[in-house]
Amino acid sequence: MLRRRTVGDVMTEEVVTLRPDTPFQEVAALLDANDIVAAPVVDDDGIPVGVVSASDVLRHETGMPDPQGQDGDDEHAWGKARARTAGTLMSSPVFTARADWTIPRAARELRRQHVKQLPVVDDNGFLTGIVTRSDLLDAFIRSDDEIRGEIEQDVLGRILGLDEGTVVVEVRDGAVTLRGHLPEPRLVPVVVGLCQGVDGVVAVDAHLAAARAG
């Protein structure tokens, strides 16, 4: 079957991490030096226990809590604004992803949790990477040539075993147009469904028919 790209394909494996006792100044310096918007906080076993974001740092430096009230009650919000370590500054519990998640599943989780990144953990909960909103967007933003090549080589060739030229594939801004005749009528919805599953495809316009019997 067609292999869908997963979180493991797009995540960053070398992750800048913090410890609960990492001083605030070091937290700010690490985020700035590595040009990242957030970093997971891990315990002694390497299991994520929270996330510190650049917005947490900014709120701390201004001495103000989250203006949107996303930090919970006022006392907790003001406590984060006065935090001296990553452990008191971080957001917790931490929402995580798995490397075998599909790109759409991870994107839905980011949206549902209202976060911009997800630490990726293995079966034991250990940190193995981090995936960001931009990582997921990059997976969908593919050139028309890439999409056409995957459809021609993987969908039509490798999976369905159709001869080259049986189906003409055109791709424009992620919209796929298919034209041609197929050996059997039942293959028409199969081809359309497989093309819809290719990363980066936004629509499929099929002009396909079954080949006439001789």
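An unreviewed UniProt entry lists the protein under the name CBS domain-containing protein, from Streptomyces caelestis.

Turning to the overall build of the protein, a few remarks are in order. On a plain count of helices and strands, the protein comes out with nine helices and eight strands. The buried share of the protein, taken over its 214 residues, is 40%. At a minimum sequence separation of 6, the contacts of the protein that also span at least 24 residues come to 59%. When the accessible area of the protein is evaluated, it comes to approximately 12,400 Å², of which 49% is carbon and sulfur surface.

So, on to the packing of helix H8 (residues 144-159) against helix H9 (residues 187-196). Remark: H8 packs on H9, axes separated minimally by 11 Å, with the N-to-C direction vectors making an angle of 140°. On the basis of the axis angle, H8 is oblique to H9. Crossing of H8 against H9: the hand is right-handed. Touching Ile151, Val155, Leu156 and Ile159 of H8 are Val191, Leu194 and Cys195, all from H9. Its residues assigned to classes, the contact of H8 with H9 comprises seven nonpolar, no polar and no charged.

Looking now at the pattern of salt bridges. Considering all chains together, one arrives at eight salt bridges under this definition. A salt bridge links Arg112 to Glu109; its shortest N-O distance comes to 3.1 Å. With a gap of three residues between them, Arg112 and Glu109 both fall in helix H6 (residues 103-113), about one helical turn apart. We classify Glu109 as buried; its relative accessible area is 14%. Close ionic contact of Arg148 with Asp145 constitutes a salt bridge, the shortest N to O distance being 2.6 Å. Of the two residues, Arg148 and Asp145 both sit in helix H8, three residues apart, roughly one turn of that helix.

Calculation criteria
Residues numbered from 1 in each chain as written. Predicted model: local features only at pLDDT ≥ 70, side-chain atom pairs only at ≥ 80, totals over all residues. Heavy atoms only, no water. Helix = DSSP H or I, 4+ residues; strand = E, 2+ residues; numbered from the N terminus. Buried < 20%, exposed > 50% of the residue type's maximum accessible area, 1.4 Å probe, protein only. Contact = heavy atoms within 4.5 Å. Areas by Shrake-Rupley, 256 points an atom, 1.4 Å probe, with all protein chains shown as cover. Axes fitted to C-alpha atoms, helices over the stretch in contact; angles between N-to-C directions. Parallel < 35°, antiparallel > 145°, perpendicular 65-115°, else oblique. Left-handed = near helix turned anticlockwise from the far one by under 90°. Nonpolar A, V, L, I, M, F, W, Y, C, P; charged D, E, K, R; others polar. Salt bridge = Lys/Arg side-chain N within 4 Å of Asp/Glu carboxyl O.

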